[in-house]
Amino acid sequence: MKSTLNILFVLFISITILMPLGSLNITSVYADNWWNDEWAYREQITIANAGTTILINYPAYIQVPYKTGMQTDYDDLRFTTADGALVLDYEIEYFDSTNAHIWVRIPSLTVPNVSIWMYYGNDAATSGQNPTGVWDSNHIGVWHMSENSGTIYDSTINNIDGTPFNGVNQNINGAIDGADSFNRNNSQYINLGRNNLHLSSLTVSAWVYMTAAGGTDKQIVSKGHRGSNTEWELKAIPQENSGRDIITFRFWVNNSARGVVSTTALSAGQWHYLVGTYNASATNNNFKLYIDGVLNNSNTNLTPKTQTDANISIAAVHSQSMTPNHLQYWNGVLDEIRISDVPRSADWIKQSYSMVNDQSGYVAFGGSIPKPNPPLPQIKRELPMDQISRILGISNSKPTGEFIQNNCIEDPEAEGCKQ
Ligand SMILES: [Ca+2]
Ligand SMILES: [Ca+2]
Ligand SMILES: [Ca+2]
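Bear in mind that the values here come from a model prediction, so they are computed numbers and not experimental data. (Residues numbered from 1 in each chain as written. Chains lettered and ligands numbered in written order. Predicted model: local features only at pLDDT ≥ 70, side-chain atom pairs only at ≥ 80, totals over all residues.)

1. Here's the deal with the overall build of the chain
- Check the secondary structure of the chain and you find six helices and 26 strands.
- Counting contacts in the chain only where the partners sit at least 6 residues apart, residues at least 24 apart contribute 69% of the total. (Helix = DSSP H or I, 4+ residues; strand = E, 2+ residues; numbered from the N terminus. Contact = placed C-beta atoms within 7 Å.)

Spelled out as structure tokens, the structure:
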């Protein structure tokens, strides 16, 4: 505590001697104020950037361990930028007595890292969550699939909520907390609706776990089918007799595939992060497919996609022209499905994989810091310059910073404060 105060005192002097004569609002000299005196603790969180570009409005996945002083339901968590100027939007996907799984929107994830503050320790605080603020307007849908039953909620402002069909097992662990498990023998899928949602560029991503490879094509997420067209689809295609599946992200146009296919096949029984991007304005490599954060393959196909009036589905494709009207069911677990209306960058995708795959390698906690006592930012009186001179120790007695904080500001006439 003493050393902290002395450091701040040096800061106080160095700024003040540059000030013109007159009165001074002392609060303004502290560049790194305690954000809010109602909160008893803060801790620095440093997030490493896996790539080489700054990511704007990046939703960072952070596992926050429970700390003494926190509310047991984590209602008192708050996050701010390093300078305290911005309170950051966050969404708690899940919590228990050990930790909370949280998405925090980072305005600018700089290279090689960025630091933010996490505040906690306020028994009176109610939840500060703002999930729709975490997912910027390029996120069309975000499904954490953490529900154990009923509606599968979209965390974005678009509210593209899903309805499960035919006994989807919703109470299962995934890559990030809860997920949903699908048995193709029971024709299980999730209907997201929005048959009129037509995107130009897009990114489709999911964490996937195949219970078994082979069989038929297995849909992950798709915008459905009519006649000889499917608007878009991300799915697994079995390789004959190999026991492995390749992955494709594509349009189906007049009964022909237009898209990209993985150069490697995936085995069952493993989690993988799959991302397909389509850049509507690119004239080459407009399709890209990423596996586990790495570009696996790209392809150029400039044939435009055909809009269909079929629904968006998870774990199947909806067909307006076939009976039954869903087919190609997934077999296994799906988690964290997202649709965006921009082609996400390679660095964005690498970051998204890395923060889940190696959380402790990308998120560092700096240790709990209790609120200083007396709290420094509470010094709000405007003082005349002659008093500031005395407080600054431009005097024979040269009082220490700690002494000044505790005594001279409140009572400049006290012993040791006078010239
Ligand atoms: Ca509470
Ligand atoms: Ca999840
Ligand atoms: Ca679930």
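Additional details are given in the paragraphs that follow.
2. What to know about the sheet that holds strand E4 (residues 78-81)
- One open sheet accounts for four strands, arranged E4-E7-E2-E25; its pairing is antiparallel. Sheet topology places E4 and strand E25 (363-370) at the edges, where each strand pairs with a single neighbour. Each strand of the sheet is rotated relative to its neighbour by a mean of 25 degrees, with strand direction disregarded.
- In this structure, strand E2 (residues 41-48) lies alongside E25, joined through six bridges in antiparallel fashion. (Pairing = 2+ DSSP bridges. Axes fitted to C-alpha atoms, helices over the stretch in contact; angles between N-to-C directions.)

3. Comments concerning the sheet that holds strand E3 (residues 55-65)
- Here three strands make up an open sheet; going across it, the order is E3-E6-E5 and the pairing antiparallel. Each having just a single partner strand, E3 and strand E5 (90-95) make up the two edges of the open sheet. Along the sheet, successive strands turn relative to each other by an average axial angle of 25 degrees, direction set aside.
- In this sheet, strand E6 (residues 99-109) lies alongside E5 in antiparallel orientation, the contact comprising five bridges. Paired with Glu91 across the two strands is Trp103, which belongs to E6.

4. Let's talk about the nonpolar core
- Ranked by size, the top nonpolar core spans 86 residues in total, and within it Ala60, Val104, Met118, Ala206, Ala315 and Leu334 carry the most contacts.
- A total of seven residues in this core trace back to one element, the largest contributor, which is strand E13 (residues 202-210).
- Residue contributions to this core reach at least three from each of two domains, namely domain 2 (35-136 + 347-371) and domain 3 (139-341).
- Sequence-distant contacts of Leu334, defined by excluding residues within four places in its chain, comprise Met145, Ala179, Asp180, Phe182, Ala206, Val208, Ile220, Ile314 and Ala315. (Core = buried A, V, L, I, M, F, W, Y, C linked by C-beta atoms within 7 Å. Buried ≥ 20, exposed ≤ 12 C-beta atoms within 10 Å, placed from the backbone. Domains from an automatic or database assignment.)

5. Brief notes about the pairing of strand E15 (residues 229-238)
- Within E15, seven of the ten residues are buried, leaving the element largely enclosed by the surrounding structure.
- Hairpin connection, strand E14 (residues 218-226) to E15: the antiparallel pair is bridged by two residues, and Gly227 has positive phi, about 60 degrees.
- The pairing of E15 with strand E16 (residues 245-253) spans seven bridges and is antiparallel. Within E16, the residue paired with Ala236 across the bridge is Ile247.
- What sits between the antiparallel neighbours E15 and E16 is a turn of six residues, in which Asn241 has the positive phi angle 60 degrees.

6. Notes on the environment of Tyr273
- Secondary-structure assignment places Tyr273 in strand E18 (residues 271-278).
- Between the C-alpha atoms of Tyr273 and Glu336, which are 63 residues apart in sequence, the distance is 9.5 Å.
- Apart from residues no more than four positions distant in its own chain, Tyr273 is found in contact with Trp207, Asp292, Gly293 and Tyr353.

7. Let's talk about the confidence of the model for the chain
- On average, residues of the chain score 86 in pLDDT, and 82% of them are at 70 or above.
- Low confidence marks residues 1-31, where pLDDT is under 50. Its contacts with residues over four positions away, or in another chain, come to 37 contacts. (pLDDT = per-residue confidence, 0-100.)

8. Quick look at helix H3 (residues 346-357)
- Across its twelve residues, H3 extends 16 Å between first and last C-alpha, which sits within 8% of the 16 Å expected from 1.5 Å per residue.
- When we look at burial in H3, the residues that qualify are Trp348, Ile349, Lys350, Gln351, Ser352, Tyr353, Ser354 and Met355.
- In the core, the buried residues of H3 are packed alongside E3, E18, strand E19 (287-291), helix H4 (359-362) and E25. (Expected span 1.5 Å × (residues − 1).)

9. Brief notes about the environment of Met355
- One can find Met355 in helix H3.
- In this structure, the C-alpha to C-alpha distance between Met355 and Ala50, residues 305 residues apart in sequence, is 8.7 Å.
- If we ignore the near neighbours within four places in the chain, the residues touching Met355 are Ala60, Tyr61, Tyr362 and Val363.

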